[in-house]
Amino acid sequence: LVLGCLLMMTTAAMAADLPYKTFTLDNGLRVLIKEMPAVPVVALNVWIHVGSRNEKPGEEGFSHFIEHMLFKGTASHSVGEIDKAIKKLGATNNAFTSSDYTCYHILGAKEHFPRLMELQADAVLHSSFVEEEFRKEQKVILEEMRMDKDEPESLLYNKTKETVFRTHPYRHPIVGFESTIASATRDGLFAFYRRHYMPANMWVVVVGDVKADEAFGIIKTHMGGAPRGDPPSQEVPAEPPQKERREVRFFGDIQQAYLSLSWPAPSIA
């Protein structure tokens, strides 16, 4: 899906005859930069090719858990310092996790791009996963999961996935299960992070009022020295063909009826 998004971006850029450049560092990091000089801001995205589909049994929810940990301190920045530094520059930052990818994004004034890139690279590549912060975020996520049960649309979506997929890891919720999050350890989560957060498993996408070659030089300065590593396999168990209609009904203290209909469709390939 990440490659699909990038292909759509590059196709749109070609259609509009707008400049964009792609680069690949020696350590495998792929970079896409699109110059938009009419707007004095820069959008910086770091995409990691890992989502809930990459989680093995017992790891359900780890991709989302890491999103909570990535701004909790590095060897160079104490807990909360990266967030404060980004906000001090008047920039905004956030992240999201999907089934197939995780994205960390920053939007700020163009003159702050070098510093924003430095901060983002440090968080993505060098987060330390302090045990105390791990425990705090573990409680936060468990509370989020309990609250999620009060959202009928979310409950319906997760029940639909469980019904549609019997083998493929798309069947489990992106946030995971209470049992896997409650039993997770700092070392287990950190091992998952080190396995997937490597340059050869990432894209850096920059759009805004920058010069592509200069921006690439800044990215190379802050991320080019990271070891390449071996990207993890993206192979997952194949979903067996569906032979008959599946129907599931469930009831709760809900004041309306919610319905979801789904059909299997050909893959994007």
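Placed above this text is the structure.
A brief look at the structure comes next. (Residues numbered from 1 in each chain as written. Predicted model: local features only at pLDDT ≥ 70, side-chain atom pairs only at ≥ 80, totals over all residues. Heavy atoms only, no water.)

**Here's the deal with unusual backbone geometry**
Heads up, the rule is: A run of DSSP states H or I qualifies as a helix once it reaches four residues; a run of E qualifies as a strand once it reaches two. Both are numbered from the N-terminal end.
For Phe129, which is not glycine, the phi dihedral falls at a positive 55°. Relative to the assigned elements, Phe129 resides in the loop between helix H4 (113-126) and helix H5 (131-148).

**Quick look at the packing of aromatic side chains**
Using the following cut-off: Centres within 6.5 Å are what make two rings of Phe, Tyr or Trp a pair, Trp counting through its six-membered ring; a difference in plane orientation under 30 degrees is then read as stacked, over 60 as edge-to-face, and the rest as tilted. The cut-offs for exposure are 20% and 50% of the maximum accessible area for each residue type, with area from a 1.4 Å probe on protein chains only; residues under the lower value are buried, those over the upper are exposed, and the others partly exposed.
Inspection of every chain in the model, using the stated rule, returns 13 aromatic pairs. Between Phe129 and Phe190, the aromatic rings sit 5.3 Å apart at their centres with planes inclined by 75°, giving edge-to-face as the arrangement. Of this pair, Phe129 sits in the loop between H4 and H5 while Phe190 sits in helix H8 (residues 186-196), and the two are 61 residues apart along the sequence. Taking the centre distance of 5.6 Å and the plane angle of 45° together, the rings of Phe190 and Tyr193 count as tilted. With a gap of three residues between them, Phe190 and Tyr193 both fall in helix H8, about one helical turn apart. In this structure Phe190 comes out as partly exposed when scored by relative accessible area, which is 22%. Overall, the relative accessible area of 0% leaves Tyr193 in the buried class. Taken together, the aromatic side chains of Phe71, Tyr104, Phe129, Phe190, Tyr193 and Tyr197 make up a single cluster linked through ring pairs.

**Points about helix H6 (residues 152-164)**
Filter applied, for reference: Between the first and last residue of a helix there are one fewer steps than residues, each counted as 1.5 Å, and that sum is the expected span. Residue contacts are counted whenever heavy atoms from the two residues lie within 4.5 Å of one another.
With 13 residues, H6 should reach 18 Å at 1.5 Å per residue; the first-to-last C-alpha distance of 18 Å fits that figure. Along H6, the residues classified as buried are Pro152, Ser154, Leu156, Asn158, Thr160, Lys161 and Thr163. Buried positions along H6 lie against H5.

**Things to note about the layout of surface pockets**
As a reminder of what qualifies: Cavities and pockets are found on a 1 Å grid laid over the protein atoms alone: a cavity is a set of points where a 1.4 Å probe fits but cannot escape, a pocket is an open set with protein on both sides within 12 Å along at least five of seven lines, and a lining residue has an atom within 4 Å of such a point. Grid points are joined across faces, edges and corners, and a volume is the space filled by probe spheres set on the points. Each residue is assigned to one of three groups, with Ala, Val, Leu, Ile, Met, Phe, Trp, Tyr, Cys and Pro labelled nonpolar, Asp, Glu, Lys and Arg labelled charged, and all others, Gly among them, labelled polar.
In this structure, the second largest pocket occupies an estimated 340 Å³ of space. In terms of lining residues, the second largest pocket is bounded by 20 residues, among which Arg53, Asn54, Glu55, Lys56 and Pro169 are the most central. For the lining of the second largest pocket, a count of residues per class yields six nonpolar, seven polar and seven charged.

**Re the sheet that holds strand E1 (residues 20-24)**
Note on sheets: strands pair through backbone hydrogen bonds, and any given pair is parallel or antiparallel. Filter applied, for reference: At least two bridges found by DSSP between two strands are what make those strands a pair. As a rule, the C-alpha atoms of each element are fitted with a line to give its axis, helices using only the stretch in contact, and angles between N-to-C directions run from 0 to 180 degrees.
Overall, mixed pairing links the six strands, which are arranged E1-E2-E6-E3-E5-E4 in an open sheet. Looking at which strands have only one partner, the edges of the open sheet turn out to be E1 and strand E4 (92-97). Averaged over neighbouring strand pairs, the angle between their axes works out to 15° when direction is ignored. Bridge count between strand E2 (residues 30-35) and strand E6 (residues 202-208): six bridges; the pairing is parallel. Following the sheet pairing, Lys34 is matched in E6 by Val207. Along the sheet face, helix H2 (residues 62-69) touches E4 and strand E5 (102-109) and points at about 165° away from the line of E4.

**So, the packing of H2 against H5**
How we decide: Working rule for angles: under 35 degrees goes down as roughly parallel, over 145 as roughly antiparallel, 65 to 115 as roughly perpendicular, anything else as oblique. Handedness of a crossing follows from how the near helix is turned relative to the far one, being left-handed for an anticlockwise turn of less than a right angle and right-handed for a clockwise one.
Put simply, H2 and H5 touch, their axes get as near as 10 Å, and they point 125° apart. Classified by the interaxial angle, the pair formed by H2 and H5 is oblique. Where H2 crosses over H5, the handedness of that crossing is right-handed. Within the contact between the two elements, H2 uses His64, Phe65, His68 and Met69 and H5 uses Glu133, Phe134, Glu137, Gln138, Val140, Ile141 and Glu144. Here the residues of the contact of H2 with H5 are counted per class, giving five nonpolar, three polar and three charged.

**Description of the environment of Lys159**
Secondary-structure assignment places Lys159 in helix H6. When the C-alpha positions of Lys159 and Tyr20 are compared, they lie 41 Å apart, and in sequence the two are 139 residues distant.

**Observations concerning helix H3 (residues 81-88)**
To be explicit about the condition: Regarding the arc, it is the one traced by the directions from the helix axis to the C-beta atoms.
Those residues of H3 that fall on the buried side of the exposure criterion are Ile82, Ala85 and Ile86. The buried residues of H3 occupy an angular sector of 100° when projected down its axis, which confines them to one face. Facing away from the buried side of H3 by more than 90 degrees, the exposed set consists of Lys84, Lys87 and Lys88. Close packing links the buried residues of H3 with E4, E5 and H4. Following H3 by one or two positions, Gly90 adopts a phi angle in the positive range, close to 75°.

**Considerations on the packing of H2 against H8**
In helix packing, the relevant descriptors are the interaxial angle and the interaxial distance, both defined with respect to the helix axes. Two elements in contact, H2 and H8, have axes separated by 10 Å at closest approach and are oriented at 95°. In terms of orientation, H2 lies roughly perpendicular with respect to H8. Residues Phe62, Ser63, Phe65, Ile66 and Met69 of H2 lie in contact with H8, whose contacting residues are Gly188, Leu189, Phe192 and Tyr193. Grouping the constituent residues of the contact of H2 with H8 by class yields seven nonpolar, two polar and no charged.

**Quick look at the nonpolar core**
Condition: The nonpolar core is taken to be a set of buried Ala, Val, Leu, Ile, Met, Phe, Trp, Tyr and Cys residues, with the residues joined through side-chain atoms within 4.5 Å.
In terms of nonpolar packing, the biggest core is built from 52 residues, with Ile33, Tyr197 and Ile219 touching the most fellow members. A total of eight residues in this core trace back to one element, the largest contributor, which is H4. If we skip the residues at most four places from it in the chain, Ile33 touches Tyr20, Lys21, Phe23, Val206, Val210, Ala212, Ala215, Phe216 and Ile219. Counting residues in each nonpolar core, the second largest holds six residues, with Trp47, Cys103, Trp203 and Val205 among its members.

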